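# Structure at a glance
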Amino acid sequence: MTVSTPAAAQSFTYNPVPPRPTPPRPPSDGQMLVQATEVDYDYNNSRVSAVGNVQLFYNGTSVEADKVIYDQKTKRLHAEGNIRMTDAEGKITYANIMDLSDDYRDGFVDSLRADTADHTRMAATRADRSSGNYTVFENGVYTACEPCKDDPKKPPLWQVKGARIIHDQKEKMLYFENAQVEFFGVPLAYLPYLSTPDPTVKRKTGFLMPAFSSYSAFGYGVEVPFYWAIAPDYDATFSPRFTSKQGVLLQAEFRQRLMNGSYQIRAYGIDQTDPSAFAGQPGDKQFRGGVETKGQFALNDKWVWGWDGVLLSDYYFMSDYRLSQYRDPMGSFLNLPTEAVSQLYLTGVGNRSYFDARTIYYLSFSGNQGQVPVIAPVIDYSNVINHSVFGGELSYKTNFTSLTRDTTAFDPTSAAAFANGLCQPTSADPANSINRANCLLRGMPGTYTRATAEVDWRKSFTDSWGQIWTPFASLRADAIDTSVVNQPGVSNFLPTGESQTLRMMPTVGLEYRYPFINVQPWGSTTIEPIAQVIIRPNEPDAGKLPNEDAQSMVFDTSNLFSVDKFSGYDRVEGGGRANVGAQVTTQFNQGGSVVAVFGQSYQLFGLNSFAVADATNTGIDSGLDKSASDYVASLAYSPNRTYTFTTRARFDEATGNVNRFEAEGRANFDRWSVSLLYGDYAAEPDIGYLTRREGVLASGSVKVANNWVVTGAARWDLVANQINQYVIGAGYVDDCFVLGANYITSYTYVAGNTPPTLSHAFMLQLGLRTIAQTSTTAGGGGLQ
């Protein structure tokens, strides 16, 4: 007999029979091997009786019982008492009485319980098997939950009972008649009929559990997914969503796995019954829809290529119907994406080399599509030579970037510009309000192409005093071609028209470290003074070229000793500079460590690149825009694996005022974890931050009981004195059941000067392993 799943007749209240010692199993050659305390041969009736610790092996199946009788005439196998049958696939059946044909195709079993290799269980008062295919369980119970270790008689978390459960092994289906779903032994749902693939099935055509949602844009919605297992290597899911306000949103997804990769295509479409509900918005149209696709394929063990693609009827479609970026708000509720990415890429990874080439199209969810560049392409390659060159390490890297933008992207930097929208592109600018006093040029209109190549060499050696000397040298070249369209205000930032530039930057330098180690009975302390001297010419054409990829500039201890502190290729640090500081590390014998870093950077000679304003004012207000920079410091303390405390600060060189401060603490225990980040940032009007920013970001999770977890996170704006985003969630997860509930807030951005709206959503997820999984989402737009 073959049983495909497990459960218990009234509930799973059993104690498994201790396994008997198993001798080596003979080959499946049609012979029967029997071991027992006593074996009797009745030659007149052609019967073999085995009594006492019986172990029988036949046709790949083993049977253990107190007593086994095999009738050679009828070819029936009858077993009694503490029966344990294990088939060739690892399914285990426990029973009190078993009567089967010798090929296990037909027969009956009384008081049976069956366990499968994938940890599902089935039990019944009686099971009848016929035609080698159908098994009918009377008063059957099915579950995918493990029995309670402390109390095996306790009902499982969930189980499905049926007056009859029919297992069709050919179709690999389970059919429940008069089904009753119980949680902790308490009936919660009754279904006159229920069918589901048996646990051995990973893919089966049929309806999936429905999902429920609600949102102000479409009202109430219910999705009824249908899964189609077309072939072993590809399948599809159709998920129409029936909404109360806008009709039926059709959704379909096709997936295929090939020998060297996979791809998928997802399509949406709706013929809206009430487009006027979106009056004045992009969704005010009859038909709306979109297509998403992605794929990745391996060329060999080092190279892969792939794509991501998104095409929408309007940029607000995804958020109006809570699609795509809203599928995992728990992981990104404070930072929902503002665009969808379409790209084609090729990536290769070697032992010490890396290559990546891609073209990228960003689909803006804010409606400012013309201000978003099309990148075609961006190519990166880096390599570290495997052998030494002049006794040191030689590496090189290259980058090629070409992008095109239709419309100028400005950001305001003054209160008047913020209030009056002075930096919005217009057909004319007679007042010349779009200038450096009011705006930043975040993105130039036209085409920008840059090719960069850089070679680096460095060597470290330690002298007899323990001093570490690291000379280094590099040579970088940039070939830049720009075609800037003369749109209103652009000429106040960049020369318009065609231009070509060749930029060279040679660099030589020396880094010095001298670690002093002090060992005490309680631990050791290492004090390491660090100094860098860098010699190079001024930055060519500083502030006169577009800046697309080097707009982020945060000066702290993480980049204090960086040779080039700009974040991208479009700017290159020039002039002579010295970076000095010290690192102190204390390691305690009883565990834990403290790491402190303090330092300052000095412009020795030449032009200070961070004091030169470019179109985005990168470097201005960074603390590096003076001959003697601000002081930067950090302190990290880890007393053990449970706690981590970190602070980072930047102090004004002249006044000592705190220009930037962050303090972060994390704790991870067996049952709970928490993190708290406090940030205080001075105003930086030159880069658009007109006022001081101060806030707290807190997150945590608590395991309130076995398998129960409560999570939450919130961001508190201390300047406005309000909590502006938060999420609260609770969930239960174990080997057979998933329950999750989350309440989320998120900001939605629209085009123009309209402030973002704060949306609220509630999500509920329920899953029964091997049976079903469903979810419900409710939410709406809200606060400005």
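Refer to the structure presented above.
Residues numbered from 1 in each chain as written. Predicted model: local features only at pLDDT ≥ 70, side-chain atom pairs only at ≥ 80, totals over all residues. Heavy atoms only, no water.

## A short note on a nonpolar patch on the surface
- A surface patch of nonpolar side chains, amounting to about 560 Å² of accessible area, comprises Phe669, Trp672, Val674, Val702, Val704, Trp708 and Val710.
- Secondary-structure elements contributing two or more residues to the nonpolar patch are strand E40 (672–681), strand E41 (693–705) and strand E42 (708–717).
- Along the chain, the position of Trp672 falls in strand E40. (Patch = residues over 30% accessible without salt bridge, like charges linked within 9 Å, V, L, I, M, F, W, Y side chains within 5 Å. Areas by Shrake-Rupley, 256 points an atom, 1.4 Å probe, with all protein chains shown as cover. Salt bridge = Lys/Arg side-chain N within 4 Å of Asp/Glu carboxyl O. Helix = DSSP H or I, 4+ residues; strand = E, 2+ residues; numbered from the N terminus.)

## Some remarks on the pattern of salt bridges
- Counted under the stated rule, the structure contains 38 salt bridges.
- Taking the shortest distance from any N to any O, the salt bridge between Asp478 and Arg503 comes out at 3.3 Å. Residue Asp478 is located in strand E31 (residues 468–484), and its partner Arg503 is located in strand E32 (residues 497–513); the two are separated by 25 residues in the primary sequence.
- One salt-bridge network, held together by shared partners, links Arg648, Arg660, Glu662, Glu664 and Arg666.

## Here's the deal with the environment of Ser216
- Residue placement: Ser216 occurs in the loop between strand E14 (211–215) and strand E15 (219–223).
- Assessed through its relative accessible area of 45%, Ser216 is described here as partly exposed.
- Each C-alpha atom, one on Ser216 and one on Asp320, is 8.7 Å from the other, the two residues being 104 residues apart in sequence. (Buried < 20%, exposed > 50% of the residue type's maximum accessible area, 1.4 Å probe, protein only.)

## Side note on the pairing of strand E4 (residues 61–71)
- Of all 11 residues in E4, eight are buried; the element is thus mostly enclosed.
- Hairpin connection between strand E3 (residues 47–58) and E4: a loop of two residues separates the two successive antiparallel strands, and Asn59 in this loop has a positive phi of roughly 50°.
- The pairing of E4 with strand E5 (residues 76–86) spans eight bridges and is classified as antiparallel. Across the sheet, residue Lys67 finds its bridge partner in E5, namely Glu80.
- Counted between consecutive antiparallel strands, the loop separating E4 from E5 contains four residues, among which Lys75 sits at a positive phi close to 55°. (Pairing = 2+ DSSP bridges.)

## Things to note about the state of the cysteines
- Throughout the structure, instances matching the rule amount to one disulfide.
- Here Cys423 connects covalently by a disulfide to Cys439, the sulfurs 2.0 Å from one another. When the S-S torsion is -90°, as for the bridge of Cys423 with Cys439, the disulfide is left-handed. Residue Cys423 is found in the loop between helix H3 (415–420) and strand E28 (439–443), and its partner Cys439 is found in strand E28; the two are separated by 16 residues along the sequence. Cys439 shares its class with Cys423; the two are buried. (Disulfide = S-S within 2.5 Å.)

## Regarding the pairing of strand E39 (residues 658–668)
- Direction of pairing for strand E38 (residues 643–651) relative to E39: antiparallel, over a ladder of nine bridges. Within E39, the residue paired with Thr646 across the bridge is Glu664.
- Taken together, E38 and the strand that follows it, E39, pair antiparallel across an intervening segment of six residues, in which Gly656 is found at a positive phi of about 80°.
- For E39 and E40, the ladder comprises nine bridges, and the chain directions are antiparallel.

## What to know about the nonpolar core
- Judged by nonpolar contacts, the single largest core of 40 residues is most densely connected at Met98, Leu112, Trp158, Phe176 and Phe737.
- Top element by residues in this core is strand E11 (residues 173–183). It accounts for five residues.
- By size, the runner-up hydrophobic cluster in this structure holds 19 residues, among which are Val378, Leu403, Met444 and Val484. (Core = buried A, V, L, I, M, F, W, Y, C linked by side-chain atoms within 4.5 Å.)

## Considerations on the side chain of Thr237
- Here Thr237 is to be found in strand E17 (residues 234–238).
- Residue classification places Thr237 among the buried residues on the basis of a relative accessible area of 12%.
- Within the structure, the side chain of Thr237 is placed 2.7 Å from the side chain of Arg255, a separation counted as a polar contact.
- Beyond its immediate sequence surroundings of up to four residues, Thr237 is in contact with Pro225, Phe226, Tyr227, Gln251, Ala252, Glu253 and Arg255. (Polar contact = N/O pair within 3.5 Å; in protein donor to acceptor, adjacent residues only side chain to side chain. Contact = heavy atoms within 4.5 Å.)

## Some words on the packing of aromatic side chains
- Applying the stated rule across the entire model yields 30 aromatic pairs.
- Taking the centre distance of 5.9 Å and the plane angle of 50° together, the rings of Tyr381 and Tyr396 count as tilted. On the criterion of sequence distance, the pair formed by Tyr381 in strand E25 (residues 374–384) and Tyr396 in strand E26 (residues 393–405) is long-range, its members being 15 residues apart.
- Tyr381 sits in the partly exposed class, given a relative accessible area of 26%.
- By relative accessible area, Tyr396 is classed as partly exposed at 30%.
- With centroids separated by 4.3 Å and ring planes inclined at 25°, the aromatic side chains of Phe669 and Trp672 adopt a geometry described as stacked.
- Using a relative accessible area of 31% as the deciding quantity, one classes Phe669 as partly exposed.
- Looking at Trp672, the relative accessible area reads 37%, which means it is partly exposed.
- Connected via pairs of aromatic rings, a cluster forms that spans Tyr234, Phe254, Tyr263, Phe297, Trp305 and Trp307.
- Sitting above the plane of the Phe278 ring, Arg288 keeps its charged end 5.0 Å from the centroid. (Phe/Tyr/Trp six-rings, centres within 6.5 Å; stacked < 30°, edge-to-face > 60°. Lys NZ or Arg CZ within 6 Å of the ring centre and 35° of its normal.)

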